Amino acid sequence: MTQVFAILNVTPDSFSDGGQFDSVDEAVARGIELARQGADFVDVGGESTRPGAERVDPAEEQERVIPVIRGLVAAGVTVSIDTMNSATALAAAEAGASVINDVSGGLADPDMYRVVAQTKRLYIAMHWRGHSTDMDSLAVYDDVVTDVRTELKARLAEMFVWGVEREQVVLDPGLGFAKHAEHNWQLLGRIDELATLGHPLLIGASRKRFLGGVLPEGAATADRDLPTAVVSAFAAQAGVWAVRVHDVPSTRTALGVVDAWREGRSR
Ligand code: PMM
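Just so it is clear, the structure is predicted and the values come from calculations on it, not from any experiment. (Residues numbered from 1 in each chain as written. Predicted model: local features only at pLDDT ≥ 70, side-chain atom pairs only at ≥ 80, totals over all residues. Heavy atoms only, no water.)

Peer 1: Can you help me understand the pairing of strand S2 (residues 41-45) in this one?
Peer 2: Across a regular strand the side chains alternate sides, sitting on one face of the sheet and then on the other. Among the five residues of S2, five are classified as buried, and the element is accordingly described as predominantly covered. Covered by surrounding structure in S2 are Phe41, Asp43 and Gly45 together with Val42 and Val44, the residues of both alternating faces. In this sheet, S2 lies alongside strand S1 (residues 3-9) in parallel orientation, the contact comprising five bridges. By the bridge assignment for S2, Ala6 is matched with Val42. Two strands pair when backbone bridges link them, and S2 and strand S3 (residues 79-82) are joined in this way by four bridges, in the parallel orientation. Residue pairing across strands places Gly45 opposite Asp82, the latter belonging to S3. This β-α-β element, S2 to helix H2 (residues 58-74) to S3, shows right-handed connectivity. (Buried < 20%, exposed > 50% of the residue type's maximum accessible area, 1.4 Å probe, protein only. Helix = DSSP H or I, 4+ residues; strand = E, 2+ residues; numbered from the N terminus. Pairing = 2+ DSSP bridges. Right-handed = clockwise from strand over helix to strand, strands pointing away.)

Take a look at the structure:
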């Protein structure tokens, strides 16, 4: 059964839901609602990775996310922390986060693998080539799928040196990170090639710009929830372990279709 990670951005500037939750209570309430809608994990992030976004000081990042994580964990919600800072990952793990979701795959902070090994949390290592400010110039590949696979393999080799266990690691192709639209579609269409690395995979396509390419010109960001849900269904069919989405109900419905299709009946 494909797992659903629901996005809870607690940043003032994130492109799709940022700025909506200006109090801890509201963010916790939203996280609880996401879990009630069927999210298996609520992925809490305090630093925007939107193209061109400025870096956030780790102390400020922790001020944003730690109270929210505590509130969600107290309410029985399974939490993932979306951070590239090892200090934030450690603080989040101590506050009860079960998963460390690192969009830099360990490249942004030389201490990350040590913290992952120490905390023994599940670790999502995403393919990444550089910070948001210079991401576009890094979107150069011979063959995007082969190159992403090779670069993720190098990350795996390095994290194992630091004592991270194989069973801890989930891989993610990093859609939209130093990738143009066609790169994202090729990674999705050939996801089986990344599966050969032998780790569970997570796909984060939700509301990303490349989905606009299948929508009419001028469509709103919220219109991307339909193509997001379709991607969730194809990802599930391809054996992907998890999808990371903004809108949980539409992805739950899509995954319900996949199950019914497979089993010959709905629940
Ligand atoms: N994308 C974003 C943030 N975190 N984490 C993982 N593992 N994979 C992703 O694709 C990913 C991520 C950027 O999107 P957002 O600003 O909508 O959260």
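Still to come is the rest of the account.
Peer 1: It is not clear to me how the sheet that holds S1 should be interpreted in this structure. Could you clarify?
Peer 2: Whenever strands of a sheet pair, they do so through backbone hydrogen bonds, lying parallel or antiparallel. One open sheet holds the eight strands; their spatial order is S6-S5-S4-S3-S2-S1-S8-S7, and the pairing between them is parallel. In this open sheet, the two strands that pair with only one neighbour each are strand S6 (169-172) and strand S7 (202-203).

Peer 1: I tried to follow the packing of H2 against helix H3 (residues 86-94) on my own but got confused; where do I start?
Peer 2: In helix packing, the relevant descriptors are the interaxial angle and the interaxial distance, both defined with respect to the helix axes. Between H2 and H3, the least distance of the axes is 10 Å, while the angle of their chain directions is 20°. Taken together, the axes of H2 and H3 are roughly parallel relative to one another. Judged by the sense of rotation from one axis to the other, the crossing of H2 with H3 is right-handed. Across the interface between the two elements, Pro58, Glu61, Gln62, Val65, Ile66 and Ile69 of H2 pack against Ala87, Thr88, Ala91 and Ala92 of H3. (Axes fitted to C-alpha atoms, helices over the stretch in contact; angles between N-to-C directions. Parallel < 35°, antiparallel > 145°, perpendicular 65-115°, else oblique. Left-handed = near helix turned anticlockwise from the far one by under 90°. Contact = heavy atoms within 4.5 Å.)

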